[in-house]
Amino acid sequence: IDNDARITVLIHPMIETAAGYFNPNNEFLKIQVPNSNQREMFYLSSENIIDSFSKSFFAHEFSHLISFNQKENTYGVSEDVWLNEARAEYAPTLLGYDDNFEESNVQKRMKNFVENPSDSLTDWRGVKYDYAVSNVFIQYLVDFYGKKILIDSLQSDKKGVESLDLALLKNGFREKVSDIFLKWTIAVYINDCSVDNTYCYISQNLKELYVVPQTN
């Protein structure tokens, strides 16, 4: 942080269920967007500021700010919501906030995912199960293909699946997202590296993740 960095606290009413959010309107001048605060910022709920997840909330929302600057400001494209949220969901893991698995963001998302494993990855409705599936999928993606995939997909004028496919190719992988998605759907049911080295999670946090079939 340089000496010119500033943190400004603004009092603002929030939706009761929201722990925080990023509003891109604040990135513009008031002449463009009248309700803009004309600064880089995001919101966190004061009720969650002493919560055990507060650092994860901070990392998540800060990731959205970075994504806006990379996609909208640099390339003039709007990222697909599911991938924007998936990167934000991985931010706490990247920063080490999920290293202590108990009461971590990744543990919470894993529990939510097991409750409803059929929730769509790309059809975003903003419910907790959307965040859960995006988290456990992106954990798998980074496990096997590295965080550089997320970086390169962010620093691209492509978006969504297309940006990930391009990042995979750039990093020397022949698989596409559709191939990885198929492997991942098997992994969340089997999660056993002895069956196949891609039908499991490498991360110790998700070694105990299993989805129980509802029908046979």
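These numbers come from a predicted model, not from an experiment.

## Observations concerning the packing of aromatic side chains
Next, step 1: Counting across every chain of the model gives 9 aromatic pairs.
Next, step 2: Relative to Y201, the ring of Y140 lies with its centre 5.7 Å away and its plane at 85 degrees, an arrangement referred to as edge-to-face. Separated by 61 residues along the polypeptide, Y140 in helix α4 (residues 128-145) and Y201 in the segment after α7 (177-190) bring together distant segments of the chain. Comparing Y140 with Y201 shows no difference in burial state: the two are buried.
Next, step 3: Grouping aromatic residues by their ring pairs yields a cluster made of F113, F137, F181 and W184.

## Re a nonpolar patch on the surface
Next, step 1: A cluster of nonpolar residues, F58, F62 and I66, forms a patch on the protein surface that exposes about 270 Å² of accessible area.
Next, step 2: Structurally, F62 is set in helix α1 (residues 54-75).

## Quick look at the pattern of salt bridges
Pairing is possible between side chains that carry opposite charge, provided their charged atoms lie close to one another.
Next, step 1: Using the criterion set out here, one finds 9 salt bridges in the structure.
Next, step 2: E89 is the salt-bridge partner of R109, the closest N and O atoms lying 2.8 Å from each other. Remark: E89 occurs in helix α2 (residues 81-94) and R109 occurs in helix α3 (residues 105-115); sequence separation between them is 20 residues. In this structure, R109 and E89 share a single accessibility class: buried.
Next, step 3: Residues joined in a network through salt bridges with shared partners are K71, E79 and R87.

## Things to note about the packing of α1 against α2
Next, step 1: Two elements in contact, α1 and α2, have axes whose closest approach is 8 Å; the angle formed by their N-to-C orientations is 135 degrees. When the interaxial angle is binned, α1 and α2 end up oblique. The crossing of α1 and α2 is right-handed. Counted together, S56, A59, H60, S63, H64, S67 and K71 of α1 and N84, E85, R87, A88, E89, A91 and P92 of α2 form the full contact between these two elements.

## Looking at the confidence of the model for the chain
Next, step 1: The predicted model of the chain has a mean per-residue pLDDT of 85, with 79% of residues at 70 or higher.
Next, step 2: Note that residues 7-14 has pLDDT below 50 and, in this model, 11 contacts with residues that lie over four places away or in other chains.

## Looking at α4
Next, step 1: In a regular helix each residue adds 1.5 Å, so 18 residues correspond to 26 Å; α4 covers 26 Å between its end C-alpha atoms and thus fits that length.
Next, step 2: α4 sits mainly inside the fold: 13 of its 18 residues count as buried.
Next, step 3: Downstream of α4 by a residue or two, G146 has a phi angle that is positive, lying close to 85 degrees.

## Things to note about the nonpolar core
Next, step 1: By size, the foremost hydrophobic cluster in this structure holds 33 residues, and its most contacted members are F113, L141, W184, Y201 and L209.
Next, step 2: Breaking this core down by element, the ones donating at least two residues are α2, α3, α4, α5 (148-154), α6 (160-170) and α7.

## Let's talk about the packing of α2 against α4
A pair of packed helices is captured by two measures, namely the crossing angle of their axes and the spacing between those axes.
Next, step 1: Between α2 and α4, the shortest axis-to-axis distance is 8 Å and the interhelical angle comes to 70 degrees. Between α2 and α4, the interaxial angle falls into the category roughly perpendicular. Where α2 crosses over α4, the handedness of that crossing is right-handed. Contacts between α2 and α4 involve W82, E85, A86, E89, Y90 and T93 on the former and, on the latter, Y131, S134, N135, F137, I138, Q139 and V142.

## A closer look at the side chain of Q139
Next, step 1: Within the secondary structure, Q139 is located in helix α4.
Next, step 2: Of the residues examined, Q139 reaches a relative accessible area of 4% and is grouped as buried.
Next, step 3: Excluding anything up to four places from it in sequence, Q139 contacts Y90, T93, V106, Y201 and L206.

## Digging into unusual backbone geometry
Next, step 1: Here E103, not a glycine, exhibits a phi torsion of approximately 65 degrees, which is positive.
Next, step 2: You can see E103 is positioned in the loop between α2 and α3.
Next, step 3: The backbone phi angle of N191 is positive, close to 45 degrees, even though this residue is not glycine.
Next, step 4: Relative to the helices and strands, N191 resides in the segment after α7.

## A few points about the environment of D98
Next, step 1: Examined against the element boundaries, D98 turns out to sit in the loop between α2 and α3.
Next, step 2: Remark: the alpha-carbon pair of D98 and F53, spanning 45 residues in sequence, is separated by 9.8 Å.
Next, step 3: Discounting residues that sit within four places of it in the chain, D98 has contacts with P92, T93, S104, N105, V106 and N205.
Next, step 4: A distance of 3.3 Å separates a polar side-chain atom of D98 from the backbone nitrogen of N105.

How each quantity is defined
Residues numbered from 1 in each chain as written. Predicted model: local features only at pLDDT ≥ 70, side-chain atom pairs only at ≥ 80, totals over all residues. Heavy atoms only, no water. Phe/Tyr/Trp six-rings, centres within 6.5 Å; stacked < 30°, edge-to-face > 60°. Helix = DSSP H or I, 4+ residues; strand = E, 2+ residues; numbered from the N terminus. Buried < 20%, exposed > 50% of the residue type's maximum accessible area, 1.4 Å probe, protein only. Patch = residues over 30% accessible without salt bridge, like charges linked within 9 Å, V, L, I, M, F, W, Y side chains within 5 Å. Areas by Shrake-Rupley, 256 points an atom, 1.4 Å probe, with all protein chains shown as cover. Salt bridge = Lys/Arg side-chain N within 4 Å of Asp/Glu carboxyl O. Axes fitted to C-alpha atoms, helices over the stretch in contact; angles between N-to-C directions. Parallel < 35°, antiparallel > 145°, perpendicular 65-115°, else oblique. Left-handed = near helix turned anticlockwise from the far one by under 90°. Contact = heavy atoms within 4.5 Å. pLDDT = per-residue confidence, 0-100. Expected span 1.5 Å × (residues − 1). Core = buried A, V, L, I, M, F, W, Y, C linked by side-chain atoms within 4.5 Å. Polar contact = N/O pair within 3.5 Å; in protein donor to acceptor, adjacent residues only side chain to side chain.

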